[in-house]
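Below, each chain spelled out in residue letters.
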Amino acid sequence: MRLAVLVSGSGTNLQAVLDATEAAGAAGASFEVVVVGADRDGTRGVGRAQERGIPTFVCRVPDHDSRADWDADLTRLVAAHEPDLVVSAGFMKVLGPVFLEAFRVVNTHPALLPSFPGAHGVRDALAHGVVVTGCTCHWVDAGVDTGPIIDQRAVRVAPGDDEGSLHERIKEQERAMLVEVLTSLARDRSWR
Ligand code: GAR
């Protein structure tokens, strides 16, 4: 299964996917990352891909005349690598209609959807005072974090947690969840 991975930041979810490719292949669920794209310059995620010799690109909204132009350009850049699946792993942009028509996309989100969608899932959950939050892997549709849920993991909020400490514990679960989801999607291709 050829994966295109989209990132905006540190790329620890991407790293987990990269680290899992060999083990998954040995277990009969073969996937590989064929390209990593970012919506901004200088992300650690793109650096992680470059260290492995994986092709990368940056496609920034402000370099385009319109959001539609960005959507078309992003689609073209990803399509050149012929992925079977796109993984939005900390990609902080809403994907456009042309992109979503072209690819099946899974996203990972740091909250138990449908609660706390959007860019600040951890902060919003903490502000609400929840005792349990977590992460969700879901198919991407035209909405913001609204697509069909594939898997979720729960994480308890600890006394004294702030956004950073809680997010780190969520991300531990998130990385494992994402690898498991991709392993299962690589094994059973009925979703294609
Ligand atoms: C992850 O927690 C991911 O769920 C979140 O950004 C983090 C990226 O971490 N995405 C969103 O909040 C999207 N709404 P990473 O760059 O270390 O993989």
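Everything below is about the structure printed above this text.
Summary of the structure given here.

Rules behind the numbers
- Residues numbered from 1 in each chain as written.
- Predicted model: local features only at pLDDT ≥ 70, side-chain atom pairs only at ≥ 80, totals over all residues.
- Heavy atoms only, no water.
- Helix = DSSP H or I, 4+ residues; strand = E, 2+ residues; numbered from the N terminus.
- Expected span 1.5 Å × (residues − 1).
- Buried < 20%, exposed > 50% of the residue type's maximum accessible area, 1.4 Å probe, protein only.
- Phe/Tyr/Trp six-rings, centres within 6.5 Å; stacked < 30°, edge-to-face > 60°.
- Lys NZ or Arg CZ within 6 Å of the ring centre and 35° of its normal.
- Pairing = 2+ DSSP bridges.
- Axes fitted to C-alpha atoms, helices over the stretch in contact; angles between N-to-C directions.
- Contact = heavy atoms within 4.5 Å.
- Near = heavy atom within 4 Å.
- Polar contact = N/O pair within 3.5 Å; in protein donor to acceptor, adjacent residues only side chain to side chain.
- Areas by Shrake-Rupley, 256 points an atom, 1.4 Å probe, with all protein chains shown as cover.
- Parallel < 35°, antiparallel > 145°, perpendicular 65-115°, else oblique.
- Left-handed = near helix turned anticlockwise from the far one by under 90°.
- Nonpolar A, V, L, I, M, F, W, Y, C, P; charged D, E, K, R; others polar.
- Core = buried A, V, L, I, M, F, W, Y, C linked by side-chain atoms within 4.5 Å.

## So, helix α6 (residues 163-187)
In an α-helix there are 3.6 residues to a turn, and that puts residues three or four apart on one side.
Thought 1: Between its first and last C-alpha, α6 extends 35 Å over 25 residues, near the 36 Å set by a 1.5 Å rise per residue.
Thought 2: Where α6 is concerned, the buried positions are Leu-166, Ile-170, Lys-171, Glu-174, Met-177, Leu-178, Val-179, Val-181, Leu-182, Thr-183, Leu-185 and Ala-186.

## Digging into the packing of aromatic side chains
Thought 1: Counted according to the given criterion, the structure contains three aromatic pairs.
Thought 2: Ring geometry for Phe-99 versus Phe-103: centroids 4.8 Å apart, planes at 55°, classification tilted. In terms of burial, Phe-99 and Phe-103 fall into one category: buried.
Thought 3: Each ring, one from Trp-139 and one from Trp-191, has its centre 5.7 Å from the other, and the planes form 40°; the classification is tilted. Taken together, the residues Trp-139 in strand β6 (residues 132-139) and Trp-191 in the segment after α6 connect sequence positions 52 residues apart.
Thought 4: The ring of Trp-139 is capped by Arg-104, whose NZ or CZ atom sits 4.1 Å from the centre of that ring.

## Considering the sheet that holds strand β2 (residues 32-38)
Thought 1: Across the sheet, seven strands lie side by side as β3-β2-β1-β4-β5-β6-β7; this open sheet has mixed pairing. Of all strands in the sheet, those bounded by a partner on one side alone are β3 (56-58) and β7 (149-156). This sheet shows a mean twist of 20° between the axes of neighbouring strands, independent of strand direction.
Thought 2: Against the sheet, helix α1 (residues 12-26) contacts β1 (2-7), β2 and β5 (105-109), and its axis sits at roughly 165° relative to β2.

## Quick look at the site of the ligand
Thought 1: Taken together, 13 residues lie near the ligand, and Ser-10, Gly-11, Thr-12, His-167 and Glu-174 sit nearest.
Thought 2: Between the ligand and Asn-13 there is a distance of 2.9 Å, counted from an oxygen atom to a side-chain nitrogen or oxygen.
Thought 3: A distance of 2.7 Å separates an oxygen atom of the ligand from a polar side-chain atom of His-167.
Thought 4: Protein coverage of the free-state accessible area of the ligand, which is 450 Å², stands at 92%.
Thought 5: The greatest single-element share of the shell around the ligand, amounting to three residues, is contributed by α6.

## Here we look at the packing of α1 against α6
Thought 1: Two elements in contact, α1 and α6, have axes whose closest approach is 9 Å; the angle formed by their N-to-C orientations is 40°. As far as their axial angle goes, α6 and α1 are oblique. In this structure, α1 crosses over α6, and the sense of that crossing is right-handed. Contacts from Thr-12, Asn-13, Ala-16, Val-17, Ala-20 and Ala-24 in α1 reach Lys-171, Glu-174, Arg-175, Leu-178, Val-179, Leu-182 and Thr-183 in α6.
Thought 2: Per-class residue counts for the contact of α1 with α6 are seven nonpolar, three polar and three charged.

## Examining the nonpolar core
Thought 1: Residues Met-1, Leu-3, Phe-31, Val-33, Val-36, Leu-85 and Leu-182 are the most contacted members of the largest nonpolar core, which totals 38 residues.
Thought 2: The set of elements that each furnish at least two residues to this core consists of β1, α1, β2, α2 (44-51), β4 (85-88), β6 and α6.
Thought 3: For this core, the leading source of residues is α6, giving nine residues.
Thought 4: Aside from chain neighbours lying at most four places away, what touches Leu-182 is Met-1, Leu-3, Val-17, Phe-31, Leu-85, Val-87 and Val-106.
Thought 5: Counting residues in hydrophobic clusters, the runner-up holds 16 residues, among them Val-34, Val-35, Trp-70 and Phe-91.

## Describing unusual backbone geometry
Peptide bonds are trans in most cases, and residues, glycine excluded, mostly fall at negative phi.
Thought 1: The step from Leu-113 to Pro-114 runs through a cis peptide bond, and the omega angle for that step is 10°.
Thought 2: Mapped onto the fold, Pro-114 is located in the loop between β5 and α5 (121-128).
Thought 3: The phi dihedral of Phe-116 falls on the positive side, at around 55°, and the residue is not glycine.
Thought 4: Of note, Phe-116 is situated in the loop between β5 and α5.
Thought 5: Residues other than glycine seldom take positive phi values, yet Asp-145 does so here, at roughly 60°.
Thought 6: Within the secondary structure, Asp-145 is located in the loop between β6 and β7.

Keep in mind these numbers describe shape, not what the thing actually does.
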